Amino acid sequence: MEVLGFKAKSKIALLVVLVLSFGLAALYGLLKPVSNGCNMTYMYPTYIPIQMTSSAAAAPAKYGLYLYHEGWKTIDFKEHVQKLSGIPVLFIPGNGGSYKQVRSLAAESDRAYKVGPLERTFYEEARLTPEEGGEEDMDVAGFELRNQYNSRLDWFAVDLEGEHSAMDSAVLEQHTQYVVRCIHRILDQYEESFKAREKEGAATSVTLPKSVILVGHSMGGFVARAAVVDPLLRKSAVETIITLSSPHQQPPVALQPSYGHYFRHVNREWRKGYEVQTTAAGHYLSGPALSNVVVISISGGYNDYQVRTKYESLDGIVPPTHGFMISSTGMKNVWLSMEHQVILWCNQLVIQVSHTLLSLTDSRTGQPFSDTQIRLAIFSRMLRSAIPQSFNWRKQSQLSQQSMHAPTRDVKDRTESLYIPAACPSNVHWSDDGLERDLYIQTTTVTVLAMDGRRRWLDIQKLGSNGRSHFMFVTNLAPCSGVRLHLWPDKRNSTSDLPACIRIHEVTSRMVLIPSGPAPRQIEPGSQTEQAPPSAILRLGPKDMRGFRFLTISVAPRPSISGRPPPAVSMAVGQFFNPAKGEREISPWSPSLSGYSHKDLSWKEDHPLALNLSFTSSLGLLPVKFSLKTAGCGIKSSGLPDEQAGDIDNSKLCKLRCFPPVAFAWDETAGLHVFTDLYSDKIVVDSSPSLWSSPRSSEKTSVMLVVDPHCSYSSAMTVSVTAVASRFLLVYTSQIIGFSIVVIFFALMRQACAWDRNLPIPSMLKALESNLRFPIPFIYLAIAPIGLSLLVGFWISQPSPSFASFTIVSVVCYFLANGFIAILILTSQFAFYGAALLHIFIKKRFQWGGKTSQWFVNISSGFCSWKVVRVIRANPLMVTALAAITLACLVHPGLGLLVLLLSHALCCHTALCSHARRHELFDYKKDGNGGPDKLTFKRDGISNQNFSSEDTCSNSPDSSKSFGETQLEIFHHRHGLFILHLVATLMFGPSFVTWLERIGTDHSFPWVLDSALSTGVILHGIFTSNPQFNSFLVSLPPIRNLEVRMHLLYLFAGYYSYLSSLALAPYREFYVMAAVGYTSIGLTLLQRWNKEKGDAHFVNRKHSHRH
């Protein structure tokens, strides 16, 4: 083994230790149990098989289609299928999933249909943005919550035998084809059921469905989209798709080339589907083929470790007018992040999705609305929260402006005063005369501690001065039934005193629902409890209050329960504040220290109600554990006896006065996240910062804290090493995998360069260590490609990330890849050396074994005398190439690469054994024609190889290099190829495992792309197996004596692989690996052809540089 210097050993050892520590920390963070807060869903499932018709006979018999029925009673399957008259919904399971996973969605849909719509509330509803086609006068035209739903959902589920569609493109394509047949079968079944009822005289006037709603989980969501663009699908057979934790942009870990190609093909067809169809001359043919298709992508948030939110985005695939992506953390009535499988049974999410699908029904047809804008608006209203997606308080929300100034019809209420139609409905109105005496607030902060039936007047002109131009109101009182807010142009004793020309704006419906923590428990009747958490928030900007003088907060009279007042858990706090005073910018280095000092992050009493923190580093990469503690609240004494007061600390006293703080975090990729427990919580968002395609805005995370101004607070922020390691590994796994191949290419470049410079071929470990030396070659190998990627991004008009963070993250990934490859090199090298020592030990034992060893030698000689064995021994590379290419093209690419890998391993083993026995197994033979000396050595059962003594001499013309040194160089060279092709084989590993699972049930030839690329990789391993092929001397008509050096090809391959890794597409590195292989065979054949022509300049190049 090549001996490294102390400095090199220390560098490699430190790198390995750091990578192992990082891996263990990340593994620990990922294996920690996750608390998702989801409720279980319960059901009584029955699965009715649906027979496929003869037209679907080509479908694999192992797959199936089922209809779900909810209920514990036994039913007649045929009779139940004959009664089908609802809205068809097809569930598509994901990777390794079961058709039975439909049970939660189907059961809750059945209950929602029977119970009816969700209870009507009067919080502000989300609207479509202008980019999504929303107009100022549009608020889901014709859509109102009804007392009951018109049609039920008929849930179908496709049985895909639990196959792993995330591991092999052939499986994914086959699933897509079967789903297309299932869609046709479902639509045909409704027609058959209707005809059967009509034949029996039981048919009713019902509109037959013309399309099927697709709901896909994980890879099932991508299969749903792939089925829509399948050429065999009937026109308009699918118009609505909901995906749950499904990747759309690219596979979570793109390893198989055909897998990435299939993703690109489907996304390209979707982009074309939303374009107007024209002729080659530009003449109009037809409208967009997918103009009626709406897609909604629901992500699980930061707790979904399998599919990142960035991959679930629809940007660049589906236009905003036809779909959007929403995280479960920002979904109305859900507000939770959940794991990949939990999203299927999380009751909060399942209920919301069920009611959303039922709300799509058009009462006139009993089927989903045909208008895409109506469907998209319903999805937005039912799933999205009205919380603004940005917390920059200096800018006015466009949503706010639409709500405030939308042209509407004037409506009079019972008091004859004129309100805009945003007022509360008459059935929940309580008259102004029922209120007790008014209160006139003189301070910027107003507090409501109970439902006292009073109206509070706030002078906007007086209290909103000195920069306090914004107003925020938080409460746990329900809008309309508990509290109402109005803007007045002037103060009057009664609304009836106002002339008709003066308008009073009611802004109650501007209150936005937010998740609230558990209500405080009352220890005993009449005792004081902790303040209740807020459940609604309202904010008004300067433009909202322009032209008005007063703001009133009217609290409903307190109801009585059995003659007693209810517990004092009602709360409301409003404040005029200056948002600039609550802004803080936090650098990425501060959380990584022991924590912030309380002096730096502390707020005294009477601070702004809303505190806006801007983290200059994304919390998706540096999850912050935020600890907020009340420092004071103006309570000097608890009022209890001394023996009892000692048990109550200041923080407990303050909880009696101040409401629990709430945090809102917004990220450009993942959207909104709400954290309701800031006393001890970890703030994290599912972002993907510092990527090649990430804009600069993704580097920051905005956090708004809503805290009670009556209390002073101190906070501390720390970052867990395990949390950072696990998040980094989740976000940048694809990049690290791709960089691993980059590291190998650069190490092979170092070996080839040493051959060309008349130096000994270094080991892979030595080459890797040399490439990490600073400043050269580290800068041009690790830093220069980053600058090149930014230039390429600028050329293709791609959003550019922050150079500093992008460079830091890329270099860290590069170091991690170096560490991983160093571990792989050390492990394989120790395995080879151990096997060689064991081989020599056993062989010596056989030499001493007498008759037993002689018997074994005789058997071996007889075996080697067979003609087939002699042919293999005479042409080992040719036989290896034929076997590997045949398996790669006809069976599976992984098998072909495995044969190549075994060839490399056997050669490495033989070279090491020969190196260890260098004084025993070689001799010189003289060519009979007076040719050069030949160094002949045995290959231990493989073949004999001849190397010219011209290639084995040292720097001195009269000296020859030793046989052992020659074998060591052969080992280093083949070991480098072994490492490269080992990684390539591992990248086909998931696909190979899937192929093994399908043996005996299905057989199909590999994708042509996979076979062609793996063939190129095999040719690279075969035609560069000898170090002499590190350079080629060729002659072309325009150029003579052109020398092509392999280290330049490896450098180009490394740069291309570097860019592919930054693009999170490691599968593209197969293209350059195959290109190197095809280039090698092309140069080899061209060089041989030139030699056969007898050109004088094609004499063998002498390598007198050996030792």
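Here, every reference points to the structure presented above.
Parameters and conventions
Residues numbered from 1 in each chain as written. Predicted model: local features only at pLDDT ≥ 70, side-chain atom pairs only at ≥ 80, totals over all residues. Heavy atoms only, no water. Helix = DSSP H or I, 4+ residues; strand = E, 2+ residues; numbered from the N terminus. Buried < 20%, exposed > 50% of the residue type's maximum accessible area, 1.4 Å probe, protein only. Lys, Arg positive; Asp, Glu negative; His and termini not counted. Salt bridge = Lys/Arg side-chain N within 4 Å of Asp/Glu carboxyl O. Polar contact = N/O pair within 3.5 Å; in protein donor to acceptor, adjacent residues only side chain to side chain. Contact = heavy atoms within 4.5 Å. Phe/Tyr/Trp six-rings, centres within 6.5 Å; stacked < 30°, edge-to-face > 60°. Axes fitted to C-alpha atoms, helices over the stretch in contact; angles between N-to-C directions. Parallel < 35°, antiparallel > 145°, perpendicular 65-115°, else oblique. Left-handed = near helix turned anticlockwise from the far one by under 90°. Nonpolar A, V, L, I, M, F, W, Y, C, P; charged D, E, K, R; others polar. Core = buried A, V, L, I, M, F, W, Y, C linked by side-chain atoms within 4.5 Å. Pairing = 2+ DSSP bridges.

Turning to its location among the elements, D667 is positioned in strand β27 (residues 662-667). R727 provides the closest opposite charge to the buried, unpaired D667, separated from it by 8.2 Å. Reaching out from D667, the side chain makes a polar contact with the backbone nitrogen of T669 at a distance of 2.8 Å. Setting aside residues no more than four positions away along its own chain, D667 makes contact with S618, V685, D686, S687, S698, K700 and T701.

Turning to the side chain of R484, a few remarks are in order. Turning to its location among the elements, R484 is positioned in strand β17 (residues 483-488). Reaching out from R484, the side chain makes a polar contact with the side chain of E506 at a distance of 2.7 Å.

A few words now on the packing of aromatic side chains. Here the structure, examined in full by the defined rule, presents 29 aromatic pairs. Relative to F263, the ring of F222 has its centre 3.8 Å away and its plane inclined at 10°; by these criteria the two rings are stacked. Of this pair, F222 sits in helix α5 (residues 219-228) while F263 sits in helix α6 (residues 257-273); the two residues are 41 residues apart in sequence, bridging distant segments of the chain. Here the two residues F222 and F263 agree in accessibility, since each one is buried.

Relative orientation of the contacting elements α6 and helix α25 (residues 1008-1023) amounts to 140°, with a least axis distance of 8 Å. Taken as axis vectors, α6 and α25 run oblique relative to one another. Between α6 and α25 lies a crossing of right-handed hand. The segment α6 lies against α25, with P257, S258 and H261 engaging L1009, D1010 and L1013. Considering only residue class, the contact of α6 with α25 consists of 3 nonpolar, 2 polar and 1 charged.

For the structure on display, the rule yields 24 salt bridges. Linking E769 and K11 is a salt bridge whose minimum nitrogen-to-oxygen distance equals 3.2 Å. Of this pair, E769 sits in helix α16 (residues 764-771) while K11 sits in helix α1 (residues 6-31), and the two are 758 residues apart along the sequence. Here E769 falls in the buried class, since its relative accessible area comes to 3%. For K11, a relative accessible area of 25% corresponds to the partly exposed category.

Within the largest apolar cluster, 97 residues are counted, with the highest numbers of intra-cluster contacts made by F728, L768, Y814, I821 and Y1050. Counting residues per element, this core draws most heavily on helix α15 (residues 721-756), at 16 residues. Residues contacting I821, with those up to four places away along its chain left out, are S740, V743, I744, L768, I979 and V983. V89, A106, F324 and V334 belong to the second-largest nonpolar core, a separate cluster that totals 49 residues.

Glancing now at the sheet that holds strand β29 (residues 681-683). Taken together, 4 strands build an open sheet; the order of strands is β24-β31-β26-β29 and the sheet is antiparallel. Sheet topology places β24 (602-603) and β29 at the edges, where each strand pairs with a single neighbour. Where strand β26 (residues 624-632) meets strand β31 (residues 712-719), 8 bridges bridge the pair, whose relative direction is antiparallel. Residue pairing in the sheet places T630 in a bridge with Y713 of β31.

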